[in-house]
Amino acid sequence: MKIANLLSIAWRSISRNKLRTFLTMLGIIIGVAAVIAMIAIGEGSKQSIEGQIKTMGSNMIMVRPTSNVEGGVRMDNSSFQSLDEADITALKKNPKYFNAISPVVSMKGQVINGSYNWSTTIQGVTPDFLFIRSWPLKEGVVFTNQDVKAASKVCLIGLTVVSNLFPDGGDIIGKSIRFKKIPFKIIGILSKKGNNSFGQDQDDMILTPVTTVQKRILATTYYQYIYASAINEKATDSASAEVENSLRKTHRLKENVENDFERFITSNAA
């Protein structure tokens, strides 16, 4: 049978059964549209999740101290003291799978500018912290390693802090704010981060040299966290293992003894 005849028969069948033809076409259209919509929703969700992860940092490994002693009273992680400068020094010796590292100490408190005040978090970090967290400045400059050595009273502030301490706007760089009665000179404003995956406002933050918080506010030589950045997505697990091995050596943990720290990994890998 010729193709022309087949097409003619098909057309006559469609013409005689218009309702059935319409319903069949409608079913096909709805089915295809549903598949396209599901794919689009899936891709949108994937991009949204990846975007939230990127705001936290790229290929990031976070370490915090814990207790490796069974039983006893449960304490907050900030109460444990097992991370110190010896750990940072050891980690910086010929790292293979990570390319940046920063110790972190932090506390909450009131920050004041004239008649304005705001409850926020101040974090003591090193310049590498901004690279690890993929956090550029909106304006100003980053404090230096020399500022870390000198425990300089300089800071970078997030946009939420800016809006609450400087509601009138104007030039903020060079002005001073007070935290725990200590004056800090603003040298930079952090770019917008938004909320993280836990709903926390990442822009409600002040960053200053880690030694400044240690010596002038907390009076401690220990760190609450260590952040590191793997060289790429594929190296994240290897970098985490490298961090673990280094810390176990500096903490002189025997083979049958559990870690006195724990690690968390944030990766942009799909």
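Computed from a predicted model, the values in this text were never measured in an experiment.

So, how was this worked out
- Position numbers for residues count from 1 along each chain, tracking the sequence in the order it is written.
- Predicted model: local features are reported for residues with pLDDT of at least 70 only, side-chain atom pairs are reported and counted for 80 or more only, and whole-chain, interface and lining totals are derived from all residues.
- In computing side-chain properties, one takes all heavy atoms of the structure into account and sets aside hydrogens as well as water.
- Strands are runs of DSSP state E lasting at least two residues, helices are runs of H or I lasting at least four, and both sets are numbered from the N terminus onward.
- Remark: exposure states derive from per-residue accessible area (1.4 Å probe, protein chains only) relative to the maximum for the residue type, with buried under 20%, exposed over 50%, and partly exposed in between.
- Any two residues whose heavy atoms approach within 4.5 Å are treated as being in contact.
- Grouping into patches uses exposed residues only, defined as over 30% relative accessible area, and leaves out salt-bridged ones; the cut-off is 9 Å for like charges and 5 Å for nonpolar side chains (Val, Leu, Ile, Met, Phe, Trp, Tyr).
- Accessibility throughout is a Shrake-Rupley quantity obtained with a 1.4 Å probe, and a residue counts as covered only by protein chains that appear here.
- Just to be clear on terms, a salt bridge is a Lys or Arg side-chain nitrogen sitting within 4 Å of an Asp or Glu carboxyl oxygen.
- Two strands pair if DSSP finds at least two bridges between them.
- Note on ring pairs: Phe, Tyr and Trp rings are taken, using the six-membered ring of Trp, and paired if centres are within 6.5 Å. Classes follow the plane angle, with under 30 degrees stacked, over 60 edge-to-face and the rest tilted.

(A) Expanded view of the overall build of the protein. Helices and strands together make up the secondary structure of the protein, namely 8 helices and 10 strands. Taking all 270 residues of the protein together, 40% fall into the buried category.

(B) Expanded view of helix α7 (residues 210-218). Residues of α7 that are buried include every one of Val210, Thr211, Thr212, Val213, Gln214 and Ile217, and no others. Residues of α7 that are buried in the fold lie against β2 (98-113), β3 (116-125), α5 (145-150), β6 (176-179), β7 (182-190) and β8 (205-209). Note on α7: the residue one or two positions beyond its end, Ala219, has a positive phi of about 55°.

(C) Structural detail: a nonpolar patch on the surface. Together, Leu19, Leu23, Leu26 and Ile30 make up an exposed nonpolar region whose accessible area comes to about 390 Å². Examined against the element boundaries, Leu23 turns out to sit in helix α2 (residues 18-56).

(D) Representation of the pairing of β8 within the structure. The element β8 is extensively covered by neighbouring structure, given that 5 of its 5 residues are classed as buried. Judged from the 2 bridges that link them, strand β5 (residues 154-157) and β8 form a sheet pairing that is antiparallel. The partner of Ile157 across the bridge, within β8, is Ile206.

(E) Summary view of the packing of aromatic side chains. Counted under the stated rule, the structure contains 2 aromatic pairs. Here Tyr225 and Tyr227 contribute two aromatic rings whose centre-to-centre distance is 6.4 Å and whose plane-to-plane angle is 90°, an arrangement assigned as edge-to-face. The exposure class of Tyr225 is partly exposed, given its relative accessible area of 24%.

(F) The arrangement of the pattern of salt bridges in detail. On inspection of all chains with the given rule, the structure shows 3 salt bridges. For Arg64, the salt bridge goes to Glu262, with nearest N and O atoms at 2.5 Å. A residue pair is termed long-range when its members are at least 10 positions apart, and Arg64 in strand β1 (residues 60-65) and Glu262 in strand β10 (residues 261-266) qualify at 198 residues. The class of Glu262 is partly exposed, set by a relative accessible area of 26%. Its salt-bridge partner being Lys192, residue Asp203 comes within 3.9 Å of it at the nearest N-O pair. Of this pair, Asp203 sits in the loop between β7 and β8 while Lys192 sits in the loop between β7 and β8, and the two are 11 residues apart along the sequence. Looking at Asp203, the relative accessible area reads 2%, which means it is buried.

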